[in-house]
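# Secondary and tertiary structure notes
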Amino acid sequence: NLEALGKGDKILVKGRSSRHTMVLGYFSITCLSLCIILFSIYSMNKVCKESDYIIKQIIPEKIFATEILTSLINQESGIRAYIITGNKSFLEPYYLGSKQIKGYYNSEYNLKDTTIDVNDTAQINNQMRSIQTFFNQQIALVDRGQSNEAKFNLKQGKHLVDKFRI
């Protein structure tokens, strides 16, 4: 009973109450800080996993596809120049790109850990082979003196490479 307590006792009860409130406040701040830290750690781990996925899955696929496309475009440019001029020196980008494409066939195992599935890989291979076959046919046409027919087929070659881009 507070009435039975003296004046000094009331101050003692108020001091305990304010200490109790202060300790409770510190405890609440500590719990809130701990929650914020745990949430931050969880968020950072989630971001880390997502960035690892991008680094290990998406970037190798993108690099692989970009390198193949660059090789095919270089080959196409060389073939076009050769068909138009008949000058074999313009085939240098074609031969370089052809070597690179053969290297891509040999390095497909590098993509086994990516998200490219077997069907996509088979489709890429089929498209690259059909483009290579078409390019070889056009070179043979020009070599046989049928450059007009090869010039007529220029749009078909561009269409094959554009189809590969998609």
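Residues numbered from 1 in each chain as written. Predicted model: local features only at pLDDT ≥ 70, side-chain atom pairs only at ≥ 80, totals over all residues. Heavy atoms only, no water.

Along the backbone of the protein chain there are five helices and zero strands. Secondary structure of the protein chain in N-to-C order comes out as α-α-α-α-α. Counting every position in the protein chain, which comprises 166 residues, the buried fraction comes to 26%. A separation threshold of at least 6 residues defines the contact pool for the protein chain, and within that pool the share at least 24 residues apart is 71%. (Helix = DSSP H or I, 4+ residues; strand = E, 2+ residues; numbered from the N terminus. Buried < 20%, exposed > 50% of the residue type's maximum accessible area, 1.4 Å probe, protein only. Contact = heavy atoms within 4.5 Å.)

Moving on: the nonpolar core. Judged by nonpolar contacts, the single largest core of 22 residues is most densely connected at Ile68, Leu72, Ile79, Met128, Phe135 and Phe164. Among the elements of the structure, helix H1 (7-85), helix H2 (92-106), helix H3 (118-143) and helix H5 (154-165) are those that each provide at least two residues to this core. For this core, the leading source of residues is H3, giving eight residues. (Core = buried A, V, L, I, M, F, W, Y, C linked by side-chain atoms within 4.5 Å.)

Moving on, we get to the packing of aromatic side chains. A full pass over the atoms with the stated rule returns three aromatic pairs. Here Tyr94 and Phe135 contribute two aromatic rings whose centre-to-centre distance is 6.1 Å and whose plane-to-plane angle is 80°, an arrangement assigned as edge-to-face. Highlighted residues: Tyr94 in helix H2 and Phe135 in helix H3, separated in sequence by 41 residues. There is no split in this pair, since Tyr94 and Phe135 are both buried. Taken together, Tyr94, Tyr95, Phe134 and Phe135 form an aromatic cluster joined through their ring pairs. (Phe/Tyr/Trp six-rings, centres within 6.5 Å; stacked < 30°, edge-to-face > 60°.)

In this section: a nonpolar patch on the surface. On the surface, Tyr53, Ile54, Ile55, Ile58, Ile59 and Ile63 cluster together into a nonpolar patch covering about 520 Å² of accessible area. The topology assignment puts Ile59 in helix H1. Exposure remark for Ile59: the relative accessible area of 38% places this residue in the partly exposed category. (Patch = residues over 30% accessible without salt bridge, like charges linked within 9 Å, V, L, I, M, F, W, Y side chains within 5 Å. Areas by Shrake-Rupley, 256 points an atom, 1.4 Å probe, with all protein chains shown as cover. Salt bridge = Lys/Arg side-chain N within 4 Å of Asp/Glu carboxyl O.)

Using the criterion set out here, one finds three salt bridges in the structure. Glu76 is paired through a salt bridge with Arg80; the nearest N and O atoms lie 3.4 Å apart. Note that Glu76 and Arg80 are positioned in helix H1 at a spacing of four residues, about one turn of the helix. Across the pair Asp143 and Lys88 runs a salt bridge, and its minimum N-O distance is 3.1 Å. With Asp143 in helix H3 and Lys88 in the loop between H1 and H2, this residue pair connects regions lying 55 residues apart in the sequence. A relative accessible area of 44% places Asp143 in the partly exposed class. Among the residues examined, Lys88 registers a relative accessible area of 48% and is labelled partly exposed.

Glancing now at the environment of Lys99. Positionally, Lys99 belongs in helix H2. Along the chain, Lys99 and Ser71 lie 28 residues apart, while their C-alpha atoms are 9.1 Å from each other.

Mapped onto the elements, Gln132 comes out in helix H3. According to the relative accessible area criterion, Gln132 is buried, its value standing at 10%. Within the local environment of Gln132, its side chain forms a polar contact with the side chain of Gln75, the two groups lying 2.7 Å apart. Not counting residues up to four positions away in its chain, the partners in contact with Gln132 are Leu72, Gln75, Tyr94, Ser98 and Ile101. (Polar contact = N/O pair within 3.5 Å; in protein donor to acceptor, adjacent residues only side chain to side chain.)

Before going further, it helps to spend a moment on the state of the cysteines. Inspection of the entire model under this criterion finds zero disulfides. Here Cys31 is not disulfide-linked; the sulfur of Cys35 is the nearest cysteine sulfur, at 6.7 Å. (Disulfide = S-S within 2.5 Å.)

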